[in-house]
Amino acid sequence: MRITRVQIRNWRSIKDVDFYPSDITVLVGPNNAGKTNILSAINFIMGDRWPMPANLADQDFYAGDRTRDVYIGLHLDDPNYSFLEFDTSKPQYALSCFDQNGIPIRPFSGAQREEIAFAYVDAARSFERQFGVSRWTMFGQAVRHLHNDLKRNDSEDKLGPLKAALDSAHQILKTDLYVKFEKSLRDAFAAQLRSSGYDVSFEFRTIDETNLYRSLYPILVENGEAKSPQEVGSGVRNLLVLALFQAFAESFRGGAILGIEEPELYLHPHAQRSLIGQFEELAALGNQIFISSHSSTFLDVTMSERIVVVDRCADDEEEVCTSVRTSSMAKLLGLRQSLYPNSQMTEETVRAFLRNVRSSEMAEPFFARLVIIVEGPSEREALPVLLKKAGLNLDQEGISIVSAGGKTVVDTLVHLYSAHDIPVYTIFDNDKAKPPAKRAFNKTLCRLLGLLETDLPLATVAANYAVMDGDWENQMATGVDVEWGTGTYAQLTTDARTGLQIQDGRKPLIARFIAERLVASNRVPQFIFDLASAIRKRLPER
C-alpha cells in the first residue's frame, strides 16, 4: 500500500496543501514552516485514535477558526482501498473510506482502518510510548503480529507445554509476601463485586493468554550487565526506537506507511548516513516513508521527486500559511532540454550526471531562501567573509553558496534549484586570458541567462548573475589594486603563502586568507558591495 496524493485544508498552519509523495518523501524547510503539521494530518486520519470532529481542538483549525472545515484526503494505491478522507463539512461520516470503484465502504470498521495504519515516530521520541503494548504503538502491533503468528503456526500440543512451564516458573515467584498480597487483592476485589452479582474471579498470571508476547521488554546488556533502557542516555534510547521502526517495517508490514520526524536527532553524521541507507532498503522492500528533517544528509539531489520544500508565507489572500513546492525529474529534464534542444538527454542520463558531480554542499540550498552558485571553491571560501563585511550575512539571510566544481556544472545546478523554485544568483568567470576554445562554455551560460551568446561576456554585476573579469583572483586583484595601490593584492598573496606555509596551488586557502585580511583592515573592493546589493534584491520576501 502507498499514499499517492495528499490533500490537506484548514489544518493547523495549513490552509491548502496538495502534493504527490514518492517512495521516500523528505519534508524540508525552516522552523515553524509546517512540516510537522503535514505529518500530524496524516497521523490524525491514519493514527492511533479514530478521527472525529469532537477530537479537534481550536488549534487544529487554520487560524483557530472553527468555521473553516478541516479536510484531509489521502489517495491510496491499494487492492482494497482507493481513498481515505476526513471532512468536517459532512453532517455524518466525517471519516470515509472508498473502495476501488469509488464507493464508500459502510460500515468502515476499526479492523479495516488498522490495515491502512500509519506507523509514526514523532520528534519527542517517547521510548515509553513506542515500546508500549497498546494497539497503536509499533511495539504493541509487533507483539500482536508475533502472537498471531504463533497461534497460526503452533498447535495446542506445543502451546500446552509452554503454558505448563510458565505456570511452574510462576510458582517460584510465590513468596509468602506475594501470596499474602495476592490473597488480599483477590478478597478485596471479591468484596467489591459481591453486591453487584457478578461472578468474576481474579488471579495473577505470568502470561497473558490473549497475547503471549505481551511481557516482552527490551533489556540492554553492557559488559555482561543487564540495564533498563531508562538507565542509558537519550541517544541510545533513540537508536532503539529507530531500530524498532526498521524492524517493524521489515518483519511485519510489507507495504507499510511510515513517518518519522527529525531522524537526525541524537545521531552523529556517520549514523545519519547509515540511517538513510536503511530507509532506502525499506523503500526497496515496498514500504513508503515520510521524513521531516533539518539535515541535508537525508536529501538526495538526484531524486527531485522525493523533495518537498515546505515554507510559510502569505498566499493570494494575504493570509500567512504553510505552502509546499515539489518538483520532478521530468521538470528538470525539460529545463535541460530547453538549453540543449538537440541533445538526447533522458531522466536517467540527467540523474547519472548529478550522481557523478554531486557533493554534500549541494543539498543545503533546499533549506535556503536563495542559493549563490559559483564556479569553484575560491569564491565559496572568500565570498561569505567579504559579503558579511559589505552588510550581507549569508547565514542570517538564509543564503547558501555552492561551488559547482567547474564551469560545465554551473548550468545543471541552476536548473536543479530552479526546478524547485529556489531563487538562484550565478557567478562565473569570463576567462578572458584563455584561448577561445577554453572559453566555449561561456556561450552556454550566456544562453542560460538570456544574454547575447558570446565566449567573452563583459565583466559585470547584474540582477541575477555576475561575470568575473578573467577569474576570481584577477577580479580581486583589479578591485584591490585600484582602490589601495598597485601591488597590494600581490603582497597579500605573498603574505598568505608565508602565513599558511604553502608554496604552490591552494587557491581556496589563499582566497580566504586574503578576504579575512582585507576585512580585518576594513578594506573591501567596490564590486563586493555591488554583489551584496544585487543578491539582497534577489532575495524573496520573508
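Above this note sits the structure.
Everything numeric in this text was worked out from a predicted model, so none of it was measured.

Undergrad: Account for the packing of helix H15 (residues 472-484) against helix H18 (residues 526-538), naming residues and giving values.
TA: At a closest axis distance of 8 Å, the pairing of H15 and H18 adopts a crossing angle of 115°. Residues Trp472, Gln475, Met476 and Glu483 of H15 lie in contact with H18, whose contacting residues are Gln526, Phe527 and Ile528. Taken together, the residues of the contact of H15 with H18 sort by class into 4 nonpolar, 2 polar and 1 charged.

Undergrad: For the side chain of Gln288, give the residues involved together with the corresponding values.
TA: As for its position among the elements, Gln288 is in strand S11 (residues 288-292). Residue classification places Gln288 among the buried residues on the basis of a relative accessible area of 1%. In terms of polar contacts, Gln288 uses its side chain to reach the backbone carbonyl oxygen of Ser22, at 3.1 Å. If sequence neighbours within four positions are ignored, Gln288 has contacts with Arg2, Ile3, Pro21, Ser22, Asp23, Ala256, Ile257 and Leu258.

Undergrad: Outline the pattern of salt bridges, listing residues and values.
TA: On inspection of all chains with the given rule, the structure shows 30 salt bridges. Here Asp58 and Arg66 are joined by a salt bridge, their closest N and O atoms 2.5 Å apart. For Asp58, a relative accessible area of 43% gives the class partly exposed. Asp469 serves as the salt-bridge partner of Lys432, at 3.0 Å between the closest nitrogen and oxygen. Placement of Lys432 in the loop between strand S16 (424-429) and helix H14 (441-448) and of Asp469 in the loop between strand S18 (465-468) and H15 is noted, with a sequence separation of 37 residues between them. Judged by relative accessible area, which is 17%, Asp469 ranks as buried.

Undergrad: Go over the packing of helix H9 (residues 329-339) against helix H13 (residues 407-419), please, and point to the residues and values.
TA: Between two packed helices, what matters for the description is the angle formed by their axes and the separation of those axes. Packing of H9 against H13 brings their axes to within 9 Å, and their N-to-C directions diverge by 140°. Regarding the angle of H9 to H13, the classification is oblique. Considering how the two elements wind past one another, H9 and H13 form a crossing that is right-handed. In this structure, H9 uses Lys331, Leu332, Leu335, Arg336 and Leu339 to contact H13, whose residues at the interface are Asp411, Thr412, His415, Leu416, Ser418 and Ala419. Tallied by class, residues from the contact of H9 with H13 come to 5 nonpolar, 3 polar and 3 charged.

Undergrad: Before we move on, could you go through the environment of Arg312 and cite the residues and values that matter?
TA: As for its position among the elements, Arg312 is in strand S12 (residues 307-314). Considered as a pair, Arg312 and Asn32 are 280 residues apart in the sequence and their alpha carbons are 7.7 Å apart. Once residues within four sequence positions are removed from consideration, Arg312 is found in contact with Ser13, Asn32, Ala33, Val320, Cys321 and Thr322.

Undergrad: With reference to specific residues and values, describe unusual backbone geometry.
TA: Cis rather than trans, the peptide bond between Arg106 and Pro107 has omega equal to -5°. Within the secondary structure, Pro107 sits in the loop between strand S6 (95-98) and helix H2 (110-114). The residue Gln501 is not glycine, and still its phi comes out positive at about 55°. As for its position among the elements, Gln501 is in the loop between helix H16 (488-500) and helix H17 (507-520). When its relative accessible area of 71% is taken as the criterion, Gln501 is described as exposed.

Undergrad: Would you mind going over the pairing of strand S2 (residues 14-19) in detail, with residue names and values included?
TA: Across 5 bridges, the pairing between strand S1 (residues 2-11) and S2 is antiparallel. Residue pairing in the sheet places Arg9 in a bridge with Asp16 of S2. With antiparallel pairing between neighbouring strands as the criterion, S1 and S2 make up a hairpin whose turn holds 2 residues, including Arg12 at a positive phi of roughly 55°.

Undergrad: Just give me the short version of H18, but keep the residues and values in it.
TA: With 13 residues, H18 should reach 18 Å at 1.5 Å per residue; the first-to-last C-alpha distance of 19 Å fits that figure. Along H18, the residues that are buried comprise Phe527, Ile528, Leu531, Ala532, Ala534 and Ile535.

Undergrad: Quick rundown of the sheet that holds strand S17 (residues 460-461)? Include the residues and the values.
TA: Spatially, the 5 strands line up as an open sheet ordered S15-S14-S16-S18-S17, and their pairing is mixed. Since the sheet does not close on itself, it has two edges, and those belong to strand S15 (399-403) and S17, each with one partner. The pairing of strand S14 (residues 370-374) with S15 spans 5 bridges and is classified as parallel. From the neighbouring strand, Val374 faces S15, where its bridge partner is Ser403. Here H13 sits on the sheet and contacts S14, S15 and S16; the angle it forms with S16, its principal contact strand, is near 175°. Taken strand by strand, H18 contacts S14, S15, S16, S17 and S18, and its axis lies near 150° from that of S16.

Analysis parameters
- Residues numbered from 1 in each chain as written.
- Predicted model: local features only at pLDDT ≥ 70, side-chain atom pairs only at ≥ 80, totals over all residues.
- Heavy atoms only, no water.
- Axes fitted to C-alpha atoms, helices over the stretch in contact; angles between N-to-C directions.
- Helix = DSSP H or I, 4+ residues; strand = E, 2+ residues; numbered from the N terminus.
- Contact = heavy atoms within 4.5 Å.
- Nonpolar A, V, L, I, M, F, W, Y, C, P; charged D, E, K, R; others polar.
- Buried < 20%, exposed > 50% of the residue type's maximum accessible area, 1.4 Å probe, protein only.
- Polar contact = N/O pair within 3.5 Å; in protein donor to acceptor, adjacent residues only side chain to side chain.
- Salt bridge = Lys/Arg side-chain N within 4 Å of Asp/Glu carboxyl O.
- Parallel < 35°, antiparallel > 145°, perpendicular 65-115°, else oblique.
- Left-handed = near helix turned anticlockwise from the far one by under 90°.
- Pairing = 2+ DSSP bridges.
- Expected span 1.5 Å × (residues − 1).

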